[in-house]
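# A look at the structure
Here are the chains, one letter per residue:
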Amino acid sequence: MTQFETTVLSKVGVLPQGSLADAVAGRRNIFEMSQSAEEAVLRPKDYGAFGHDLRAALAARVARQAGQGALADHYAADAGDKVPLADPDNSEADLEHILSFVDKVANRTRDIVAEDVEDLRAAGVSDADIVRLCELVAFLAYQCRVIAGLRLMQGTTP
């Protein structure tokens, strides 16, 4: 895989030539590490209570809420039968506590309080899985910001 085949650069449409490509080439290691981080949070060996399909659906949901449609579609393609959860308007009863937590962490981080974590624990979510959810959302926040910044550098709409 070349740096131009990483998720971030492919969703922005950065081509292997031009001034933006030159800037990216100088930071190849950052894009490679970002791709490794994506693998670690979306497709980890130890996925706990959140399988790869659910992680993909949650990633698509967060990306869609951030206005990153191409990135959302990229993740939704791996969500299998969990793809309806990628829709921010979906609040499936069985996963409502997880969806509302993910939505709040992604969109209103400063409003997170200890009670939010306690609610997840009360619903049977382990501390390790709460950390996994937060890692996923934090990575998506980073990825969406990088994509928005690269689009601005290209002169396109974030």
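Scroll up a little and you will see the structure.
Described below are features of the structure shown in this document. In this text, all values refer to a predicted model and were calculated from it rather than measured experimentally.

What counts, and where the lines are drawn
- Residues numbered from 1 in each chain as written.
- Predicted model: local features only at pLDDT ≥ 70, side-chain atom pairs only at ≥ 80, totals over all residues.
- Heavy atoms only, no water.
- Helix = DSSP H or I, 4+ residues; strand = E, 2+ residues; numbered from the N terminus.
- Buried < 20%, exposed > 50% of the residue type's maximum accessible area, 1.4 Å probe, protein only.
- Contact = heavy atoms within 4.5 Å.
- Areas by Shrake-Rupley, 256 points an atom, 1.4 Å probe, with all protein chains shown as cover.
- Arc of directions from axis to C-beta.
- Polar contact = N/O pair within 3.5 Å; in protein donor to acceptor, adjacent residues only side chain to side chain.
- Salt bridge = Lys/Arg side-chain N within 4 Å of Asp/Glu carboxyl O.

## Quick look at the overall build of the chain
In terms of regular secondary structure, the chain is built from eight helices and zero strands. The order of α-helices and β-strands along the chain, N terminus first, is α-α-α-α-α-α-α-α. Sorting the 158 residues of the chain into buried and exposed places 41% on the buried side. Residue pairs at least 24 apart in sequence account for 64% of intrachain contacts in the chain once pairs closer than 6 positions are excluded. Summed over its atoms, the accessible surface of the chain is roughly 8,300 Å², and 53% of this surface lies on carbon and sulfur atoms.

## Side note on helix α5 (residues 69-76)
One turn of the α-helix equals 3.6 residues, which is why residues spaced by three or four share an orientation. Regarding α5, the residues found buried are L71, A72, Y75 and A76. For α5, the angular spread of the buried residues around the axis is 135 degrees, confining them to a single face.

## Focus: the side chain of Q68
As for its position among the elements, Q68 is in the loop between α4 (52-65) and α5. Polar side-chain contacts of Q68 include one of 2.5 Å to the side chain of R151.

## Some remarks on the pattern of salt bridges
Charged atoms that come close allow side chains of opposite charge to pair. With the rule as written, the count across this model stands at 10 salt bridges. The closest approach of N and O atoms between D103 and R61, which form a salt bridge, is 2.7 Å. With a gap of 42 residues between them, D103 in helix α6 (residues 96-107) and R61 in helix α4 connect regions that are remote in the sequence. Through salt bridges that share partners, E38, E39 and R43 make up one connected network.

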